[in-house]
Amino acid sequence: MATTVDQPETKREKYATLLDPALWTYIDRVNAWYPPEMDLPVDKQRAVYDAMCRAFHEGTPAGVEASDGTVVAGGHAVAIRHYQLAGKAPQAMVVYYHGGGFVLGGLDSHDDICAEICAGTGFAVLSADYRLAPEHLHPAAFDDALAVFEWAATSGLPVVLCGESAGGNLAAGVAHAARRHPRAAIGQVLVYPELGGDESAGSYVEHAEAPLLTLSDIEFYRQVRSGKAQSPDDPTFLPLHDSDFSGLPPTVIVTAQCDPLSSDGEAYRDRILAAGGRAWWYEEQRLVHSFLRARKTVPRAGEAFTRIVAAIATLGKGDWL
């Protein structure tokens, strides 16, 4: 998802002690990029977001090589970026879908995160630059995400699907749609994903006004992504609305405690377990949505990222946690 401007002081007080103290520097640094009012047109939102991502970029780990290319999908080309360790044959491929509310982001916005996943696992990583709303409404982003997975499956390597926020929605949607593919994904790792849970309960209520992502933000970006005839029961739009959770790959969901989306992780895990599958949900305490960008400056966020990379590595090797 995209980030939102800082909360009024009374709302900030609620999280003054609940959040990891080191996180406030990160939150304030993010909020400094945004004007007092967030009713910017999409192109200006993208410009601000891209500039912020460049400022947070942590560089590329030694030995990681990246190259750009395209995947043909339905008459158009989807840009991709391929990461691999120099001189090392990967055991698996991670298909990564970036966050940004289906409106923001691209290959550059999450470049360092993808490079670090490559370095930490030894796997190839394929980042997908799917089409964005509002120019391209659902199912455009999903169609591109599925096409990139299908292309990755031809590599012959085991595929792990991975995404954060909006990208977690896409990873899950692809896992559902491609569960019977001849080379279906062998695992998926979803980081604070938006899956379409019950907004009248759980974290949607408790953390509706959390720093960096509010319930109104979620609803805004969902509306921007959808057309007038969009059905909420479409699992390619909201994976938790699927009627069948059988046959999904082993799944790890990592959420932040102070995030309205956290309950989606619990609900998704429970649906998979009820269908006889394997799933693990971890709620990272005292963190907020988008904590991956704080992984180098907030020890708690760095530890969470280490666990995420370890989960990707475990699933990519075909090992159960």
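As a starting point, this report considers the structure included with it. Source: prediction; values computed, not measured.

Thresholds, definitions, all that
- Residues numbered from 1 in each chain as written.
- Predicted model: local features only at pLDDT ≥ 70, side-chain atom pairs only at ≥ 80, totals over all residues.
- Heavy atoms only, no water.
- Axes fitted to C-alpha atoms, helices over the stretch in contact; angles between N-to-C directions.
- Helix = DSSP H or I, 4+ residues; strand = E, 2+ residues; numbered from the N terminus.
- Parallel < 35°, antiparallel > 145°, perpendicular 65-115°, else oblique.
- Contact = heavy atoms within 4.5 Å.
- Nonpolar A, V, L, I, M, F, W, Y, C, P; charged D, E, K, R; others polar.
- Phe/Tyr/Trp six-rings, centres within 6.5 Å; stacked < 30°, edge-to-face > 60°.
- Buried < 20%, exposed > 50% of the residue type's maximum accessible area, 1.4 Å probe, protein only.
- Lys NZ or Arg CZ within 6 Å of the ring centre and 35° of its normal.
- Core = buried A, V, L, I, M, F, W, Y, C linked by side-chain atoms within 4.5 Å.

## A closer look at the packing of helix α2 (residues 23-31) against helix α3 (residues 42-56)
Here's step 1: In contact at an axis separation of 10 Å, α2 and α3 are set at 140° when each is read in the N-to-C sense. If you check the angle between α2 and α3, you find them oblique. Of the residues in α3, those touching α2 at Tyr26, Arg29 and Val30 are Met52, Ala55 and Phe56.
Here's step 2: The residue makeup of the contact of α2 with α3, split by class, is 5 nonpolar, no polar and 1 charged.

## What about the packing of aromatic side chains?
Here's step 1: Applying the stated criterion to the full structure yields 4 aromatic pairs.
Here's step 2: On the basis of an interplanar angle of 75° and a centroid distance of 5.2 Å, the ring pair of tyrosine 192 and phenylalanine 291 is categorised as edge-to-face. On the criterion of sequence distance, the pair formed by tyrosine 192 in the loop between β6 (187-191) and α7 (203-206) and phenylalanine 291 in the loop between β8 (279-288) and α10 (299-316) is long-range, its members being 99 residues apart. Neither residue differs from the other here; tyrosine 192 and phenylalanine 291 are each classed as buried.
Here's step 3: Taken together, a centroid distance of 5.0 Å and an interplanar angle of 75° make the contact between phenylalanine 220 and tyrosine 221 edge-to-face.
Here's step 4: Above the face of the phenylalanine 102 ring, arginine 225 is positioned so that its terminal group lies 3.8 Å from the ring centre.

## Focus on the environment of alanine 119
Here's step 1: Position of alanine 119 among the secondary structure elements: in helix α4 (residues 111-121).
Here's step 2: Separated by 138 residues in the primary sequence, alanine 119 and glutamine 257 place their C-alpha atoms 27 Å from one another.
Here's step 3: In contact with alanine 119, not counting residues within four places along its chain, are Pro61, Val64 and Leu85.

## Considering the nonpolar core
Here's step 1: Grouped together as the largest cluster of nonpolar side chains are 57 residues, with contacts concentrated most on Leu23, Ile117, Val189, Phe291, Leu292 and Ile312.
Here's step 2: Looking at this core, the element that brings in the most residues is α10, giving 8 residues.
Here's step 3: Residues in contact with phenylalanine 291, not counting those within four places in the same chain, are Tyr192, Val254, Thr255, Ala256, Glu284, Ala301, Ala304 and Ile308.
Here's step 4: Grouped together as the second largest cluster of nonpolar side chains are 43 residues, Phe102, Ala178, Ala185 and Ile253 included.

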